[in-house]
Amino acid sequence: MTWHWTGLAVFSLTLLPAGLALLTGWTPHRLHARLAPARPRGWALLCLWAAVLLNTIPRLAGAPSAITLAATAVAGVVAVAGCALAVGATLRASKAAS
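What you see is a predicted model, and the numbers here were worked out from it, not measured in a lab.

A. Main features of the nonpolar core. Core analysis: the largest hydrophobic core is formed by five residues, namely Leu15, Leu22, Ala38, Leu45 and Trp49. A per-element tally of this core places helix H2 (residues 38-61) first, with three residues. Apart from the residues lying within four places of it in its own chain, the contact partners of alanine 38 are Leu22, Leu23 and Thr27.

See below:
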């Protein structure tokens with residue numbers, strides 16, 4: 001149970017602020033060229049953070065196994081969507097650079 005709380009705290013302190021910053025278009029000046037399409041990368045980070053929430057909250061709440069399994073399945077879909085957004089942003093940046 002402490003690992004769930006620890007993971008939730010770590011991911012909330014890292015992915016949430018970074019995702020919100022990228023979503024609003026804020027990037028550090030030295031990383032601006034590397035994070036060119038910032039909004040899709042922000043959505044990707046927020047999707048991964050949502051997957052963490054969907055995996056953690058039912059377990060912490062003591063939900064029945066059917067609800068935990070359904071939330072884990074939805075978290076997998078959300079995580080795949082976040083990865084697809086990250087890959088799409090990377091491909092878009094490489095096409096713009098060449």
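Having put the structure on the table, let's press on.
B. Helix H3 (residues 65-97), seen in detail. Taking 1.5 Å per residue, 33 residues should reach 48 Å; H3 reaches 48 Å between its end C-alpha atoms and fits that length. Inspection of H3 places Thr68, Ala71, Ala75, Gly82 and Ala89 among the buried residues, and these make up the whole buried set. Buried-residue contacts for H3 involve H2.

C. Structural context of the packing of H2 against H3. The geometry of H2 relative to H3 is characterised by a closest axis approach of 8 Å and an angle of 165° between their N-to-C directions. Taken together, the axis directions place H2 and H3 in an arrangement best described as roughly antiparallel. As H2 packs across H3, the resulting crossing turns out to be left-handed. Residues that form the contact of H2 with H3 fall into these classes: 19 nonpolar, five polar and three charged.

D. Up close: H2. Along its 24 residues, H2 runs 34 Å from first to last C-alpha, staying within 8% of the 34 Å computed at 1.5 Å per residue. Directly beyond the C-terminal end of H2, a positive phi value near 70° is found at glycine 62.

E. Focus on the confidence of the model for the protein. Confidence in the prediction for the protein averages 88 pLDDT; 95% of positions are at 70 or higher. Per-element confidence in the protein ranges from a low mean pLDDT of 90 for helix H1 (residues 2-23) to a high of 92 for H2.

F. Quick peek at the packing of H1 against H2. Packing of H1 against H2 brings their axes to within 8 Å, and their N-to-C directions diverge by 160°. It follows from the interaxial angle that H1 and H2 lie roughly antiparallel. Crossing of H1 over H2 shows left-handed handedness. Class assignment of the residues belonging to the contact of H1 with H2 gives a composition of 18 nonpolar, five polar and three charged.

G. Structural context of the environment of histidine 4. Relative to the assigned elements, histidine 4 resides in helix H1. Along the backbone, histidine 4 and leucine 53 are 49 residues apart, and their C-alpha atoms lie at a distance of 9.9 Å. The contact partners of histidine 4, leaving out residues within four places of it in the chain, are Thr56, Arg59 and Leu60.

Conventions we followed
All residue numbers refer to positions counted from 1 along the written sequence of the respective chain. Whole-chain, interface and lining totals are the exception, using all residues; otherwise, since this is a predicted model, local features are given only for residues with pLDDT of at least 70 and side-chain atom pairs are given and counted only at 80 or more. In computing side-chain values, all of the structure's heavy atoms are included and hydrogens and water are not. We define the nonpolar core as a collection of buried residues of types Ala, Val, Leu, Ile, Met, Phe, Trp, Tyr and Cys that are connected through side-chain atoms lying within 4.5 Å of one another. Each residue's exposure class comes from its accessible area (1.4 Å probe, protein chains only) as a fraction of the maximum for that residue type: buried when under 20%, exposed when over 50%, partly exposed otherwise. Numbering of helices and strands runs from the N terminus; a helix is a DSSP stretch of H or I covering at least four residues, while a strand is a stretch of E covering at least two. Residues count as neighbours in contact if any of their non-hydrogen atoms are within 4.5 Å of one another. A helix is expected to reach a length of 1.5 Å times the quantity of its residues less one. For helices, the fitted axis covers only the stretch in contact; all axes are lines through C-alpha atoms, and the angles between them, taken along N-to-C directions, range from 0 to 180 degrees. Roughly parallel here means an angle under 35 degrees, roughly antiparallel means over 145, roughly perpendicular means 65 to 115, and every remaining angle is called oblique. Less than a right angle of anticlockwise turn of the near helix away from the far helix marks a crossing as left-handed, whereas a clockwise turn marks it as right-handed. Basically, the charged four are Asp, Glu, Lys and Arg, the nonpolar ten are Ala, Val, Leu, Ile, Met, Phe, Trp, Tyr, Cys and Pro, and anything else, Gly included, counts as polar. What pLDDT reports is the predictor's confidence in each residue, on a scale of 0 through 100.

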